[in-house]
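The residues making up each chain are set out below.
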Amino acid sequence: MTVLQSWVNDFSAREQALAGAGMPWLAAMRKRAIQRFADEGWPTTRQEAWRHTSLAALGSQQFASDSTAAEQGVADLVQQLRRDEPGHWLVFIDGRYAAGLSDVGSLPAGATITTLAQAFDDAPDRVQELFGIETDGSSTATLNVAFAHDGAYINLARGVALEAPVHLVFVAATPGIANFPRNLIAAEAGAVATIVEHYVGHDSGASLTNTVTRLSLAQDANITQLKLQQEDHQAFHLGVTDVLQQKGSAFNSHSMSFGARLARHDISTRFDGDHCETLLNGLYYVDGKRHVDHHTLIDHAQPHGSSREFYRGILNDTARGVFSGRILVGVGADKTDAVQRSDSLLLSRMAKADARPELEIYADDVKCAHGATVGQLDDNSLFYLRSRGLDEAHARHVLTYAFAAEAVGRIQPDILRRRVIDAIRSLVPGGAELGEYA
């Protein structure tokens, strides 16, 4: 039996136990999804979108489907993440909701924060509207459609503003587990929220997280998303963020990738109304033989849109980073203002970064720019710091952290920025020495 066939057999064994199995539209879609995956298999480097990212190791891997983890086994980890910070917390262990570790807290009228499994019962029509279809994205996203059992469901009514962040915590805790979270987030007109997705490992080894987050922003809604990926260094992470923006809405994405053997983040947003704004901000650190890939699309389908896209990567040892960003300015999308930039810092001679920024413009009255750099620490900056009394190692550490700090500085609010600062300082060489610079 091939590894591909094992996924089909696993689906046949599990489909009746998946949340929402009794909903005809979903059951039919799941069957079409697993058939598409069986026909296409994992993406290969022969496909342009995956040219620099091979899934050969993932495609030959067998994963556990049943969780053996208990809530008490990861309670300390979750408590460390929470740090007694205010917020609305949903925790999932191996893709299953952990009620004993979650705390949604009090919510304003018109705000719903619950699990996808619960929303199948409570809001089936809204879930169907937001869920997406099996032809969206690559075959990896299709596999999520087939196996998605739970995740977060957030619906904010008109004008609702959440003062504290919503924290969605996904813990891979069973060795070699495969989990498939699917998060549906809808913000009606004028709604405001900050949503944090934490992906962490707890002795899970070569686990697989295949996650999809779909966001729908109505007129003048404002959503900030921080994705903090800190899974085990043997793990595989495949993530999709898909956003639809209506007139005057604003979406800010911060993708922080600090874990996993192989991590791929597909992020796309479409402006379906005029005067939309978006910020795609990313930072990653990879060492050893690890690999990270950010693949983005900003679709300026309407006029007067503004987008800013900044990605930074720090690479050590024989690690590899990939950035492929596309800005599409459609016919009639006049007055578009778009900036895209990718910068990679190589800390070793064997590290490798690939950058592919793209502008595709079909309108005349626009202002668009893009650029990319790949290089090492600046010798003049090193000389300056050493002339001020720092030894060479300390000077290199300061400059490395300063390179990361530009991406971190865009994160709001301060309490979330501090969370990312702590994460990057624990990874970059000499991070423990940089308290006075953080």
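Residues numbered from 1 in each chain as written. Predicted model: local features only at pLDDT ≥ 70, side-chain atom pairs only at ≥ 80, totals over all residues. Heavy atoms only, no water.

As annotated in an unreviewed UniProt entry, the protein chain carries the name Fe-S cluster assembly protein SufD and comes from Pollutimonas thiosulfatoxidans.

## Topic: the sheet that holds strand β1 (residues 88-93)
As a reminder, the rule being used: Only when DSSP finds a minimum of two bridges between them are two strands counted as paired. Think of it this way: any DSSP run of H or I at least four residues long counts as a helix, any run of E at least two long counts as a strand, and we number them from the N terminus. Whether two residues are in contact is decided by their heavy atoms: any pair within 4.5 Å suffices. Axis angles are defined between N-to-C directions and span 0 to 180 degrees, where every axis is a line fitted to C-alpha atoms and, for a helix, only to the segment in contact.
The strand order across the open sheet formed by 10 strands is β2-β1-β5-β8-β10-β12-β14-β16-β18-β20, and the pairing between neighbours is mixed. Two strands close off the open sheet at either side, each with one partner strand: β2 (96-97) and β20 (367-375). The sheet contacts of helix α9 (residues 392-408) involve β14 (277-286), β16 (306-315) and β18 (337-346), and relative to β16 the element is tilted by about 155°. Relative to the sheet, helix α10 (residues 414-425) contacts β1, β5 (166-172), β8 (192-201), β10 (222-230), β12 (250-257) and β14, its axis offset from that of β10 by approximately 20°.

## Remarks on the packing of helix α1 (residues 3-14) against helix α2 (residues 24-40)
How we decide: Throughout, the term roughly parallel applies to angles under 35 degrees, roughly antiparallel to angles over 145, roughly perpendicular to angles from 65 to 115, and oblique to all others. Residue type decides the class: Asp, Glu, Lys and Arg count as charged, Ala, Val, Leu, Ile, Met, Phe, Trp, Tyr, Cys and Pro as nonpolar, and the leftover types, Gly among them, as polar.
One can describe the packing of α1 onto α2 by two numbers: an axis separation of 10 Å at closest approach and a directional angle of 170°. In terms of axis orientation, α1 runs roughly antiparallel to α2. Together, L4, W7, V8 and F11 of α1 and R30, K31, I34, F37 and A38 of α2 make up the contact between the two elements. Classifying every residue of the contact of α1 with α2 gives 7 nonpolar, no polar and 2 charged.

## Remarks on the UniProt feature "domain: SUF system FeS cluster assembly SufBD core" (unreviewed entry) in the protein chain
Our working definition: UniProt positions are given in the numbering used here, feature names are shortened, and annotations may be inferred rather than shown by experiment.
Cross-referencing UniProt, the feature "domain: SUF system FeS cluster assembly SufBD core" (unreviewed entry) maps to residues 174-403 in the present numbering. Summarising residues 174-403: 9% helix, 58% strand, and an end-to-end C-alpha distance of 35 Å.

## Brief notes about the UniProt feature "domain: SUF system FeS cluster assembly SufBD N-terminal" (unreviewed entry) in the protein chain
Mapped onto this numbering, the UniProt entry gives "domain: SUF system FeS cluster assembly SufBD N-terminal" (unreviewed entry) at residues 3-167. This span, residues 3-167, is 42% helix and 12% strand, and a straight line between its end C-alpha atoms measures 35 Å.

## Re the domain arrangement of the protein chain
Formally: Per the annotation, domain bounds derive from an automatic or database assignment of domains. Buried area is calculated as the accessible area (1.4 Å probe) missing from two parts once they are joined, with the contributions of both summed. The salt bridge definition used is simple: a Lys or Arg side-chain nitrogen within 4 Å of an Asp or Glu carboxyl oxygen. Distance and chemistry together define a polar contact, namely a pair of N or O atoms within 3.5 Å, with one atom able to donate a hydrogen and the other to accept it when in protein, and with adjacent residues in sequence counting only for side-chain atoms on both sides.
With domains assigned, the protein chain is organised as domain 1 (1-380 + 407-419) and domain 2 (381-406 + 420-437). In this assembly, 28 residues from domain 1 lie in contact with 20 residues from domain 2. Three residues stand out in domain 1 for area buried against domain 2, namely R312, L377 and R418, and they jointly supply 26% of the buried area on that side. Between R83 and D422 there is a salt bridge, with its nearest N and O atoms 3.5 Å apart. At the junction of domain 1 and domain 2, the tally comes to 23 residue pairs in polar contact (both at pLDDT 80 or more).

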